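Structural description and commentary
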Amino acid sequence: GAVVSQHPSRVICKSGTSVKIECRSLDFQATTMFWYRQFPKQSLMLMATSNEGSKATYEQGVEKDKFLINHASLTLSTLTVTSAHPEDSSFYICSASSGGHYGYTFGSGTRLTVV
Amino acid sequence: KQEVTQIPAALSVPEGENLVLNCSFTDSAIYNLQWFRQDPGKGLTSLLLIQSSQREQTSGRLNASLDKSSGRSTLYIAASQPGDSATYLCAVDQGGSEKLVFGKGTKLTVNP
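Sequence order sets the numbering: in each chain, residues are counted from 1 along the sequence as written. To label them, take the chains in the order written and letter them from A, then take the ligands in the order written and number them from 1. The model is predicted, so local features are restricted to residues of pLDDT at least 70 and side-chain atom pairs to those at 80 or more, both for listing and for counting; the totals for chains, interfaces and linings are taken over all residues. Only hydrogens and water are set aside; all other atoms, that is, all heavy atoms of the structure, feed into the side-chain values.

The next subject is the overall build of chain B. Helix and strand labels come from DSSP, where a helix needs a run of H or I of at least four residues and a strand needs a run of E of at least two; each type is numbered from the N terminus. A tally of regular secondary structure across chain B gives 0 helices and 11 strands. The secondary structure elements of chain B, listed N-terminal to C-terminal, are β-β-β-β-β-β-β-β-β-β-β. Put simply, the radius of gyration uses C-alpha atoms, and a globule should come to 2.2 Å times the residue count raised to 0.38. Here chain B has a C-alpha radius of gyration of 13 Å; the compact-globule value for 112 residues is 13 Å, and the two agree. Projected onto its principal axes, the C-alpha coordinates of chain B cover approximately 45 × 30 × 20 Å. Residues classed as buried in chain B amount to 44% of the 112 residues present. Counting only contacts in chain B whose residues sit at least 6 apart along the sequence, the fraction spanning at least 24 positions is 54%. In these tables, accessible area is a Shrake-Rupley quantity obtained with a 1.4 Å probe, and a residue counts as shielded only by the protein chains included in the view. As displayed, chain B has an accessible area near 5300 Å², and 48% of this comes from carbon and sulfur atoms. Counting rule applied: Lys, Arg positive; Asp, Glu negative; His and chain ends not counted. To locate a charge, take atom NZ for lysine, CZ for arginine, CG for aspartate or CD for glutamate. Counting 10 positive and 10 negative side-chain charges, chain B places the centres of these two groups 5 Å from one another. With a 1.4 Å probe rolled over the protein chains alone, any residue whose accessible area is under 20% of its type maximum counts as buried; one over 50% counts as exposed, and the rest are partly exposed. In this description, contact between two residues means that some pair of their heavy atoms is separated by no more than 4.5 Å.

Dropping the structure here:
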């Protein structure tokens, strides 16, 4: 079946630094990748949608200059949290789609803690 | 704006019991509905996907139904096992950009 690899699984960083999270589709071409954020006991909230080779579309309230998304190839998307602050601490998870609304494959998530 | 609600928020049952998880959504114009399982600190595992034209889907001990007109879906788990303990998430695809809207989930605990 389709597999999406997400790294790192956990990261602790100092306030003010940047963190990059990678999401790779291992056995299929992901035309679209989605980035979600999940706070404790809350729903997954969509942050942005990215299509290979084009700029990401951000959801309302998500700062595009703070959460940089790059989708340079059909198998790799990255999310960079710039100038991280403690309030950015959360569980970040990506998902990938090959198109057609036939289902979504999720990565294993990244637990970000900003100290 | 689509809103997805899952009831109950938490459920604890003895092993072997059959159970039903509920999901409701406010906008019936959906493309599909998907049930996921999430283990603590982990990603999501897709369980069942129901297209808007379908009424139900089955996989092993799991059966999901969809009543689009009333904005409801149920996930039925037969003969529950401790290994079924996890948070179960319901999500709807609005179509168009394939964005998913998630409920907050139901945390299931199956006691041996």
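Moving on from the coordinates now.
Time to look at the layout of surface pockets. In this structure, the largest pocket occupies an estimated 1300 Å³ of space. Taken together, 46 residues line the largest pocket, and the ones lying closest to its centre are Gln42(A), Ser43(A), Leu44(A), Met45(A) and Lys104(B). Those elements giving two or more residues to the lining of the largest pocket turn out to be strand 4 (32-38) and strand 5 (44-51) of chain A together with strand 1 (4-7), strand 9 (86-93), strand 10 (100-102) and strand 11 (106-111) of chain B. In terms of residue count, the dominant contributor to the lining of the largest pocket is strand 5 of chain A (4 residues). Classification used: nonpolar for Ala, Val, Leu, Ile, Met, Phe, Trp, Tyr, Cys and Pro, charged for Asp, Glu, Lys and Arg, polar for all others including Gly. Classifying every residue of the lining of the largest pocket by side-chain character gives 18 nonpolar, 16 polar and 12 charged. For cavity detection a 1 Å grid was placed over the protein atoms alone, and a set of points counts as a cavity when a 1.4 Å probe fits there but cannot get out; an open set counts as a pocket when protein lies on both sides within 12 Å along at least five of seven lines, with lining residues being those that have an atom within 4 Å of a point. Grid points are joined across faces, edges and corners, and a volume is the space filled by probe spheres set on the points.

What characterises a pair of aromatic rings is the spacing of the ring centres plus the angle enclosed by the ring planes. Any two of the Phe, Tyr and Trp rings considered here, Trp counted by its six-membered ring, make a pair once their centres fall within 6.5 Å; the pair's planes then place it as stacked at under 30 degrees, edge-to-face at over 60, or tilted in between. This model, assessed by the stated rule, comprises 7 aromatic pairs over all chains. Note on Phe106(A) and Phe102(B): the rings are 6.0 Å apart at their centroids and 80 degrees apart in plane angle, and the pair reads as edge-to-face. Taken as a pair, Phe106(A) in strand 10 (residues 105-106) and Phe102(B) in strand 10 lie in two separate chains rather than in one. Of the two residues, Phe106(A) and Phe102(B), both sit in the buried class. One aromatic cluster is present, formed by Tyr36(A), Phe106(A), Phe36(B) and Phe102(B) through successive ring pairs.

Our next topic: the side chain of Gln38(B). With respect to the helices, strands and loops of the structure, Gln38(B) is situated in strand 4 (residues 32-38). Residues adjacent in sequence count toward polar contacts only when both atoms are side-chain atoms; beyond that, a polar contact is any pair of N or O atoms within 3.5 Å, and within protein one must be able to donate a hydrogen and the other to accept it. One polar contact links Gln38(B) to Gln38(A), side chain to side chain, over a distance of 3.0 Å. If near-sequence neighbours (up to four positions away) are discounted, Gln38(B) is found in contact with Gln38(A), Leu44(A), Phe91(A), Gly43(B), Leu44(B), Ala86(B), Thr87(B) and Leu89(B).

Right, let's talk about the nonpolar core for a bit. Looking at soluble globular proteins, one finds that nonpolar side chains tend to be buried together. Residues and elements named next belong to chain A. Each nonpolar core is a collection of buried residues, namely Ala, Val, Leu, Ile, Met, Phe, Trp, Tyr and Cys, held together in the definition by side-chain atoms within 4.5 Å. Trp 35, Phe 67, Leu 79, Tyr 92 and Leu 112 are the most contacted members of the largest nonpolar core, which totals 24 residues. Contributing elements (two or more residues each) for this core: strand 2 (10-13), strand 3 (19-25), strand 4, strand 5, strand 7 (67-73), strand 8 (76-81), strand 9 (90-97) and strand 11 (110-114). For Leu 79, the residues in contact, after removing those within four places along its chain, are Val 19, Lys 20, Ile 21, Trp 35, Phe 67, Leu 68, Ile 69 and Tyr 92.

What follows concerns the state of the cysteines. The disulfide definition used here is simple: a pair of cysteine sulfur atoms within 2.5 Å. In the structure shown here, the tally under the stated rule is 2 disulfides over all chains. There is a disulfide in this structure between Cys23(A) and Cys94(A), and the S-S distance comes to 2.0 Å. Looking along the S-S bond of the Cys23(A)-Cys94(A) disulfide, the torsion reads about 80 degrees, which is the right-handed sense. Residue Cys23(A) is found in strand 3, and its partner Cys94(A) is found in strand 9; the two are separated by 71 residues along the sequence. Like Cys23(A), the residue Cys94(A) is buried in the burial classification. Between the sulfur atoms of Cys23(B) and its disulfide mate Cys90(B) the distance is 2.0 Å.

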